[in-house]
Amino acid sequence: MIVALECAGRVGSIGVLDDAGTVQVCELDGTGSQAAQLLPALEQLLVEAGGSLAAVRGIIVGEGPGSFTGVRVAAAAGLGLSQALGCPLHRASSLTAALFGAPELPDAGAHAVLFDARGERLYLAGYEWRDRRLSVTLSPQFAHVSDMVARSFRGLDDARLCGDGADRHRGVLVAAGFELAAPGAGRAHARGLLQLWSELPEQVAVWAEGDEPTYLRASSAEREAGLG
């Protein structure tokens, strides 16, 4: 089985993919720390899927950007499991995976995923999805809603926006002339990571020694210390 861990969003999730291509996912319940919930929830999900930790042959984690604590939790858990089980650890952009987080593949065309980074801040990336091929038209960025309203990013004029950042600022973005996906689309989710593993393996990379999650901005503690 392949295990996916995604904690970049407000609600963490885990998923498993078996050799028959069946995906099972569950979301953490939001009570207590994600770090404390992750392993017990994974073990339970594996049992429900008819397997165990011994059946895991690969792990993929969402590398961010997103919740600073969340992406660190997923990375640390993935690294620990990889070492304990002797299986490889892989990573993929949480923004890219969010585009593929629904059970069905996205419609062909231009898309942009916007994650809420609190206040008027966003993490975003742009994509073109056609003929089952994905092109990154805007690499992951840290931005403000005003940048979107001002049309500061080339290539997003015709993009359909999704993600919790698009949901939060829906009124402003619609007024600025953007098309938005249905609320709830484009969430950071383990299902998206497993979709990338199955459908777009070129979007998945091995987690190499020395790799770090994608933060795009400093943590709150670093900002308070004047480090970012």
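Structure: above.
Residues numbered from 1 in each chain as written. Predicted model: local features only at pLDDT ≥ 70, side-chain atom pairs only at ≥ 80, totals over all residues. Heavy atoms only, no water.

### What to know about helix H7 (residues 190-199)
Buried within H7 we find Ala 190, Gly 192, Leu 193, Leu 194, Gln 195 and Leu 196. Those residues of H7 that are buried lie in contact with strand E1 (2-6), strand E2 (13-17), strand E3 (23-27), strand E4 (58-62), strand E5 (89-92) and helix H3 (94-99). (Buried < 20%, exposed > 50% of the residue type's maximum accessible area, 1.4 Å probe, protein only. Helix = DSSP H or I, 4+ residues; strand = E, 2+ residues; numbered from the N terminus. Contact = heavy atoms within 4.5 Å.)

### Some remarks on the environment of Ala 8
Mapped onto the secondary structure, Ala 8 falls in the loop between E1 and E2. Residue classification places Ala 8 among the buried residues on the basis of a relative accessible area of 6%. Sequence spacing of Ala 8 and Pro 65 is 57 residues, and the spatial spacing of their C-alpha atoms is 6.6 Å. With sequence-adjacent residues up to four places away left out, Ala 8 is seen in contact with Pro 65, Gly 66, Ser 67, Val 71, Ser 94 and Ala 188.

### Quick look at the sheet that holds strand E10 (residues 179-180)
Pairing within the open sheet is mixed, and its five strands lie in the order E8-E7-E6-E9-E10. At either end of the open sheet lies a strand with only one pairing partner, and these are strand E8 (133-144) and E10. In this sheet, E10 lies alongside strand E9 (residues 160-162) in parallel orientation, the contact comprising two bridges. Each residue of the ladder has a partner; that of Arg 160, found in E10, is Glu 179. (Pairing = 2+ DSSP bridges.)

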